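Residues per chain are reported as follows:
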Amino acid sequence: MEANNLNPDKWIDLYADYLFNYAVTRVSDAEIAKDLVQDTFIAGLKSAKNFKGDAAERTWLIAILKRKVIDHYRKINSKKGKAEIRMSYSSQTDAEGDWLEERIADPNSNFENDALENEELGLAIQNCISKLPKKQAQVFTMKTIEGMETEDICNALGINASNLWVMIHRARTGLMGCLNQNWF
Amino acid sequence: MMISCEKAANICDKAQYEEASSWEKIKLKFHLLMCKACAKHSKDNTKLTSLCNQARLAVLSEEEKKKMKETCSKAK
């Protein structure tokens, strides 16, 4: 299982964005998500010797992160005191007498499914980005996700605009191929 | 008015980031009418853009990653 040997030095470059996306969809706060990812790396580092190498690194890290997210919710709940369940007939006072049935979720709405699907989509895209050659992934991320100006990216990386567009083109073509089976 | 497939692909990429000029977009449209392969590529490319928007992707900046690495190496 040599392919699964841990390489903590490369962890952050390889998995930080993936883990961050996973966390941010669950805690909806970038700062907290960042802390959870940081904690995950540290916990991973500390228990690296226990890693059996029977799961891929990323799966293993996600498992740790999952615990961190649960712990996070546990912590904020205990701060608030015991969870309180309140059920009222209706929150709108003028709706008194309306049937409860009228207030249930619209069965034709796929709003909730959309949220779930978007989360999967985010991880799928992140996964495909991580399979691109490093430079392409970097340029694509800066341009598409961070929304940086072409000129700023060129200055930051010391490339010219036509280099940039060639890399964007390759990255996009690669991503289309990678996402193809499930999303196109 | 006539452009190569390569040029069409380049304009199409720029258009995904709102960086293609109107005249470029006209040339692209014209090319796509005649070229099935580019029309397919352009459709997929636009789809990729909408998927990326839909997913509301987030990344950590290089700065933040560097900080993480430092914290991790201290924790070792």
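Residues numbered from 1 in each chain as written. Chains lettered and ligands numbered in written order. Predicted model: local features only at pLDDT ≥ 70, side-chain atom pairs only at ≥ 80, totals over all residues. Heavy atoms only, no water.

**Details of the interface of chain B and chain A**
Contacts between chain B and chain A engage 30 residues on the former and 37 residues on the latter. Surface buried jointly by chain B and chain A totals about 3,400 Å² across both partners, of which 68% is contributed by carbon and sulfur atoms. By the criterion of area lost to chain A, the three top residues of chain B are Tyr 17, Leu 57 and Val 59 of chain B, representing 20% of everything that side buries. Linking chain B to chain A there are 4 salt bridges. Ionic pairing is found between Asp 13 of chain A and Lys 69 of chain B, a salt bridge with its closest N-O pair at 3.0 Å. Taken together, the connections running from chain B to chain A amount to 13 residue pairs in polar contact (both at pLDDT 80 or more). (Contact = heavy atoms within 4.5 Å. Buried area = accessible area lost by both parts, 1.4 Å probe. Salt bridge = Lys/Arg side-chain N within 4 Å of Asp/Glu carboxyl O. Polar contact = N/O pair within 3.5 Å; in protein donor to acceptor, adjacent residues only side chain to side chain.)

**Considerations on the side chain of Thr 49 of chain B**
Here Thr 49 of chain B lies in helix 3 (residues 36-55). The residues contacting Thr 49 of chain B, other than those within four sequence positions of it, are Arg 172 of chain A together with Gln 16 of chain B. (Helix = DSSP H or I, 4+ residues; strand = E, 2+ residues; numbered from the N terminus.)

**Overview of the packing of helix 5 (residues 134-145) of chain A against helix 7 (residues 161-183) of chain A**
Residue and element names in this part refer to chain A. Between helix 5 and helix 7, whose axes approach to 9 Å, the crossing angle comes to 95°. With respect to each other, helix 5 and helix 7 are oriented roughly perpendicular. Here helix 5 contributes Lys 135, Gln 136, Val 139, Phe 140 and Lys 143 to the contact with helix 7, which in turn contributes Leu 164, Trp 165, Met 167, Ile 168, Arg 170, Ala 171, Arg 172 and Leu 175. (Axes fitted to C-alpha atoms, helices over the stretch in contact; angles between N-to-C directions. Parallel < 35°, antiparallel > 145°, perpendicular 65-115°, else oblique.)

**Digging into the packing of aromatic side chains**
Under the criterion given, the structure shown has 3 aromatic pairs over all chains. When the centroid spacing of 5.9 Å and the interplanar angle of 55° are considered together, the rings of Trp 165 of chain A and Tyr 17 of chain B count as tilted. Of this pair, Trp 165 of chain A sits in helix 7 while Tyr 17 of chain B sits in the loop between helix 1 (5-16) and helix 2 (22-34), on two different chains. Of the two residues, Trp 165 of chain A and Tyr 17 of chain B, both sit in the buried class. Chaining the aromatic ring pairs together yields one cluster made of Trp 11, Phe 41 and Trp 60 of chain A. Between the NZ or CZ atom of Arg 26 of chain A and the centre of the ring of Tyr 22 of chain A, over which it lies, the distance is 3.6 Å. The lysine or arginine in question, Arg 58 of chain A, covers the ring of Tyr 18 of chain A, its NZ or CZ lying 3.9 Å from the ring centre. (Phe/Tyr/Trp six-rings, centres within 6.5 Å; stacked < 30°, edge-to-face > 60°. Buried < 20%, exposed > 50% of the residue type's maximum accessible area, 1.4 Å probe, protein only. Lys NZ or Arg CZ within 6 Å of the ring centre and 35° of its normal.)

**So, the state of the cysteines**
Scanning the entire structure with this criterion turns up 1 disulfide over all chains. The side chain of Cys 128 of chain A participates in a disulfide bridge whose partner is Cys 178 of chain A; the two sulfur atoms lie 2.0 Å from each other. Because the torsion about its S-S bond is -80°, the bridge between Cys 128 of chain A and Cys 178 of chain A counts as left-handed. One end of the pair, Cys 128 of chain A, is in helix 4 (residues 111-131); the other, Cys 178 of chain A, is in helix 7, and 50 residues separate them in sequence. The class for Cys 178 of chain A is partly exposed, based on a relative accessible area of 25%. Between Cys 154 of chain A, a free cysteine, and Cys 12 of chain B, which holds the nearest cysteine sulfur, the sulfur-to-sulfur gap is 19 Å. (Disulfide = S-S within 2.5 Å.)

**Describing the environment of Ala 8 of chain B**
Residues and elements named next belong to chain B. Note on placement: Ala 8 falls in helix 1. Under the relative-accessibility criterion, Ala 8 is labelled buried at 2%. The spacing of Ala 8 and Ala 39 is 31 residues in sequence and 9.7 Å in space, taken between C-alpha atoms. The residues contacting Ala 8, other than those within four sequence positions of it, are Ile 3, Leu 28, His 31 and Cys 38.

**So, the packing of helix 6 (residues 150-157) of chain A against helix 7 of chain A**
Residues and elements named next belong to chain A. Remark: helix 6 packs on helix 7, axes separated minimally by 9 Å, with the N-to-C direction vectors making an angle of 100°. Between helix 6 and helix 7, the interaxial angle falls into the category roughly perpendicular. Between helix 6 and helix 7, the residues in contact are Thr 150, Ile 153 and Cys 154 and Ala 161, Leu 164 and Trp 165, respectively. Split by residue class, the contact of helix 6 with helix 7 holds 5 nonpolar, 1 polar and no charged. (Nonpolar A, V, L, I, M, F, W, Y, C, P; charged D, E, K, R; others polar.)

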